Amino acid sequence: LATANKKDSTGVCFIGERNFNEFLSNYLPNKPGKMKTIDGRVMGEHMGLMYYTIGQRHGLGIGGSAGSDGSNEPWFVVGKDMSTQTLYVGQGFHHENIYADDLIASQVSFTQKTPPSSSFECTAKFRYRQKDVPVTVHLLEDDQKAKVEFHQPARAVTPGQAVVFYQGR
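If you're wondering where the values come from, they're calculated on a predicted model, not measured in any experiment.

Okay, the pairing of strand 8 (residues 145–155) next. Of the pairings in the sheet, the one linking strand 5 (residues 99–106) to strand 8 comprises seven bridges and is antiparallel in character. Following the sheet pairing, Ala100 is matched in strand 8 by Ala154. Sheet analysis places strand 7 (residues 133–140) next to strand 8, joined by six bridges and oriented antiparallel. Bridge pairing in strand 8 places Val135 opposite Phe150. Connecting strand 7 to the next strand, strand 8, in antiparallel fashion are four residues, including Glu141 with a positive phi near 45°.

Structure (structure tokens):
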């Protein structure tokens with residue numbers, strides 16, 4: 001195939017060659033707010049929570065700012081609070097608040113007619129190009145929701161992303 005050696009797309013291909021933030025602002029209203037550390041230190045302002053994802057490093061506008069411990073490690077998005085329009089940031093790729101032990105998935109569906117059981121072990125992916133991670137799935141509410149427990153804490157689990165379960169690969 002002509003595209004066999006072509007680099008994979010990691011952007012939003014359906015919008016074409018446009019600025020992503022500009023594209024979003026055409027459809028979603030900006031709601032600026034405070035950018036804070038987990039302990040409440042205000043680091044600046046953000047343009048709107050829709051422009052940021054958990055684990056994001058670039059575009060925060062606070063590079064080079066030392067943390068309260070004097071660290072000069074890069075800053076990452078570690079959380080969002082939609083009710084207060086607060087974007088939480090922390091220093092370091094392995095900041096403790098960037099990791100999750102579990103997630104709640106909604107609109108769960110399976111390729112087989114019935115789920116394997118009300119609780120089962122499998123592997124899962126919740127980010128593009130991520131390696132499969134071992135999980136335990138507990139189905140909730142008429143099998144429409146699931147609690148997904150990671151066997152090891154998982155980095156940058158982001159609300160709104162899909163989680164895909166794999167079994168028997």
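Okay, the nonpolar core next. The tendency in soluble globular proteins is for nonpolar side chains to be buried side by side. By size, the foremost hydrophobic cluster in this structure holds 17 residues, and its most contacted members are Leu103, Val135, Val137, Phe150 and Val157. Every element with two or more residues in this core is listed here: strand 5, strand 6 (119–125), strand 7 and strand 8. Here this core takes four residues from strand 8, the largest share from any one element. Val137 has contacts with Ser118, Ser119, Phe120, Cys122, Ala146, Lys147 and Phe165, leaving out every residue within four places of it along the chain.

This brings us to the packing of aromatic side chains. According to the stated counting rule, one finds five aromatic pairs in the structure shown. An angle of 80° between the planes, with centres 5.9 Å apart, marks the rings of Phe76 and Phe93 as edge-to-face. Residue Phe76 is located in strand 3 (residues 75–81), and its partner Phe93 is located in the loop between strand 4 (86–91) and strand 5; the two are separated by 17 residues in the primary sequence. For the ring pair Phe120 and Phe165, a centre distance of 6.2 Å and an interplane angle of 90° mean the geometry is edge-to-face. Linking Phe120 in strand 6 with Phe165 in strand 9 (residues 164–166), this pair joins segments that are 45 residues apart in sequence. Residue classification places Phe120 among the buried residues on the basis of a relative accessible area of 8%.

As summarised here, the arrangement of the four strands in space is 2-1-4-3, forming an open sheet in which the pairing is mixed. Looking at which strands have only one partner, the edges of the open sheet turn out to be strand 2 (42–46) and strand 3. Adjacent strand axes in the sheet meet at a mean angle of 30° when their direction is disregarded.

Another aspect to go through is the pattern of salt bridges. Tallied over the entire structure, the rule returns four salt bridges. Between Lys34 and Glu45 there is a salt bridge, and its shortest N-O distance comes to 2.9 Å. Highlighted residues: Lys34 in strand 1 (residues 33–37) and Glu45 in strand 2, separated in sequence by eleven residues. Relative accessible area serves as the criterion here: at 38%, Lys34 is assigned to the partly exposed category. A salt bridge links Asp132 to Lys125; its shortest N-O distance comes to 3.5 Å.

Read from one edge to the other, the open sheet built from five strands follows the order 5-8-7-6-9, with strand pairing classed as antiparallel. In this open sheet, the two strands that pair with only one neighbour each are strand 5 and strand 9. Adjacent strand axes in the sheet meet at a mean angle of 40° when their direction is disregarded. As paired elements, strand 6 and strand 9 share three bridges and run antiparallel to each other.

Rules used throughout
Residues numbered from 1 in each chain as written. Predicted model: local features only at pLDDT ≥ 70, side-chain atom pairs only at ≥ 80, totals over all residues. Heavy atoms only, no water. Pairing = 2+ DSSP bridges. Helix = DSSP H or I, 4+ residues; strand = E, 2+ residues; numbered from the N terminus. Core = buried A, V, L, I, M, F, W, Y, C linked by side-chain atoms within 4.5 Å. Buried < 20%, exposed > 50% of the residue type's maximum accessible area, 1.4 Å probe, protein only. Contact = heavy atoms within 4.5 Å. Phe/Tyr/Trp six-rings, centres within 6.5 Å; stacked < 30°, edge-to-face > 60°. Axes fitted to C-alpha atoms, helices over the stretch in contact; angles between N-to-C directions. Salt bridge = Lys/Arg side-chain N within 4 Å of Asp/Glu carboxyl O.

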